[in-house]
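What follows is the residue order along each chain.
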Amino acid sequence: MSDPLKDAPLISGELKDELLALALEAARRAGELLRDGRPADLGVAATKSSPIDVVTEMDIASEKLITGFLSERRPEDGFLGEEGASAEGSSGVRWVIDPIDGTVNYLYGLPSWAVSIAAQKDGETVVGVVAAPMRGETSHAVLGGGAFLNNAPIRVRPAPPLSQALVGTGFGYIAERRAAQAAVLGSLLPRVRDIRRGGSAAIDLCDVACGRLDAYYERGLNPWDFAAGELIAREAGARTAGRPGEPASHELTVAGSPAVFDALQPLLEDLGAWHD
Ligand code: IPD
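Residues numbered from 1 in each chain as written. Predicted model: local features only at pLDDT ≥ 70, side-chain atom pairs only at ≥ 80, totals over all residues. Heavy atoms only, no water.

In the annotation of an unreviewed UniProt entry, the protein is listed under the name Inositol-1-monophosphatase and assigned to Streptomyces ochraceiscleroticus. Checking UniProt for the protein, the heading Cofactor (unreviewed entry) contains the comment "Mg(2+)". (UniProt positions renumbered as here; feature names shortened; annotations may be inferred.)

Caption draft 1: Up close: the domain arrangement of the protein. Its domain assignment divides the protein into domain 1 (4–153) and domain 2 (162–271). Using only C-alpha atoms to locate each centre, domain 1 and domain 2 end up separated by 20 Å. Facing 40 residues of domain 1, the contacting portion of domain 2 comprises 24 residues. With both chains or domains summed, domain 1 and domain 2 bury close to 2200 Å², and 64% of this area falls on carbon and sulfur atoms. The three residues of domain 1 that bury the most area against domain 2 are D101, V130 and R135, which together make up 19% of that side's buried surface. Between R135 and D207 there is a salt bridge, with its nearest N and O atoms 3.0 Å apart. Contributing elements (two or more residues each) for the side of domain 1 that touches domain 2: strand 3 (78–81), strand 5 (93–101), helix 4 (103–108), strand 6 (114–121), strand 7 (124–132), strand 8 (137–142) and strand 9 (147–149). Among the elements that line the side of domain 1 that touches domain 2, the one with the most residues is strand 7, at seven residues. For the side of domain 1 that touches domain 2, a count of residues per class yields 19 nonpolar, 15 polar and six charged. (Domains from an automatic or database assignment. Contact = heavy atoms within 4.5 Å. Buried area = accessible area lost by both parts, 1.4 Å probe. Salt bridge = Lys/Arg side-chain N within 4 Å of Asp/Glu carboxyl O. Helix = DSSP H or I, 4+ residues; strand = E, 2+ residues; numbered from the N terminus. Nonpolar A, V, L, I, M, F, W, Y, C, P; charged D, E, K, R; others polar.)

Caption draft 2: Up close: the sheet that holds strand 10 (residues 152–153). In spatial order, the strands read 4-3-5-6-7-8-9-10; together these eight strands make up an open sheet with mixed pairing. At either margin of the open sheet sits one strand with a lone partner, and together these are strand 4 (86–87) and strand 10. For strand 3 and strand 4, the ladder comprises two bridges, and the chain directions are antiparallel. Pairing of F79 across the sheet is with A87, part of strand 4. Across the sheet, helix 3 (residues 57–73) is in contact with strand 3, strand 5 and strand 6; its angle to strand 5 comes to roughly 155°. (Pairing = 2+ DSSP bridges. Axes fitted to C-alpha atoms, helices over the stretch in contact; angles between N-to-C directions.)

Caption draft 3: Quick peek at unusual backbone geometry. Positive phi, close to 50°, is recorded for D122, a residue that is not glycine. Tracing the chain through its elements places D122 in the loop between strand 6 and strand 7. Judged by relative accessible area, which is 54%, D122 ranks as exposed. If you check the backbone angles, N150 has positive phi at about 45° while not being a glycine. Tracing the backbone through its elements, the reader meets N150 in the loop between strand 9 and strand 10. For N150, a relative accessible area of 43% translates into the label partly exposed. (Buried < 20%, exposed > 50% of the residue type's maximum accessible area, 1.4 Å probe, protein only.)

Caption draft 4: The layout of surface pockets, seen in detail. For the largest pocket, the calculated volume is near 620 Å³. Lining the largest pocket are 35 residues, with D53, F171, G172, Y173 and E218 positioned closest to its centre. Secondary-structure elements contributing two or more residues to the lining of the largest pocket are strand 5, helix 4, helix 5 (175–188), helix 6 (201–209), strand 13 (215–218) and helix 7 (223–235). Take the lining of the largest pocket: its biggest share by element is five residues, from helix 4. Split by residue class, the lining of the largest pocket holds 13 nonpolar, 10 polar and 12 charged. Looking at the lining of the largest pocket, you find at least three residues from each of domain 1 (4–153) and domain 2 (162–271). (1 Å grid on protein atoms, 1.4 Å probe; cavity = no way out; pocket = protein on both sides within 12 Å on 5 of 7 lines; lining within 4 Å. Points joined across faces, edges and corners; volume = space filled by probe spheres on them.)

Caption draft 5: Seen up close, the site of the ligand. Taken together, 16 residues form the shell around the ligand, and within it E82, D101, G102, T103 and E218 come nearest. Between the ligand and the protein, one listed contact pairs an oxygen atom with a backbone N or O atom of A201 at 2.9 Å. Alone, the ligand offers 370 Å² of accessible surface; in the complex the protein occludes 95% of this. Comparing atom positions with the cavity grids shows the ligand to sit within the largest pocket. Counting residues per element, the shell around the ligand draws most heavily on strand 5, at three residues. Across the shell around the ligand, the residue classes break down as five nonpolar, five polar and six charged. Counting residues domain by domain, the shell around the ligand receives three or more from each of domain 1 (4–153) and domain 2 (162–271). (Near = heavy atom within 4 Å. Polar contact = N/O pair within 3.5 Å; in protein donor to acceptor, adjacent residues only side chain to side chain. Areas by Shrake-Rupley, 256 points an atom, 1.4 Å probe, with all protein chains shown as cover. Sits in = over half its atoms within 2 Å of the grid points.)

Caption draft 6: Broad picture of the pairing of strand 5. Of all nine residues that make up strand 5, eight are buried, and the element is covered over most of its length. One ladder, built from four bridges, connects strand 3 with strand 5; its direction is parallel. For L80, the partnering residue across the bridge sits in strand 5 and is V96. Pairing of strand 5 with strand 6, which is carried by seven bridges, proceeds in the antiparallel orientation. The residue bridging W95 from the neighbouring strand is A119, located in strand 6.

Here it is in structure tokens:
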């Protein structure tokens, strides 16, 4: 049996507080830059996995601001950022950063985009911050300390039966994966209240945390998409995982109010939501 004390990451309350304060300030500054500095003629600077997987100049500027801010204050920390920030570090702390989660929404001027910053200690997420400036909302959580939206505590919604659950999801950027995701969705949609596709995984996870969604799932997420939001959802009382017995990962991420999660995860397994 695992010993919770032995398995807990070796991290002081003081360090958690410091990491949270830095993540909140970095997300605030990046959010302001993105909200106030979005060029009217914003275009695509580059593409990644496919022609619709885009990077804007603002994704790059936001990541630069965040890594510059954090590395000035904690030069020994590591980084993993969506737009290429990558450093090992020597402190045991690694920052996992999505400088704009929901880049396509941002490109089109839709409001659902966020800055997502997680701090991991020895591989475990201990702090998560998701700032969604156009919603005027910042969600945060510290491992073992609960979850908050604009500093007010949040909890998941009491679970309805799966047939009455509102479920968020998202789609990857590769056509073959989308075809498989559409097939899964075709089987799931008749079994739930409805489906939402918001366009930012980080916000979807925060929406589970504060009861705006009963559950969320997606195949193909990267750590920067889900690290902060997963901690926030979990600290708000959600269950989060990947395939049965596995942690959330690129293969599959599932989050939900416990009873909805318990019904949804095995169904997604049966429907093959974890493969293309
Ligand atoms: C994307 C968003 C989207 C999800 C995609 C992600 P990005 O992140 O989170 O909701 O469906 O899988 O890649 O590219 O905007 O940072």
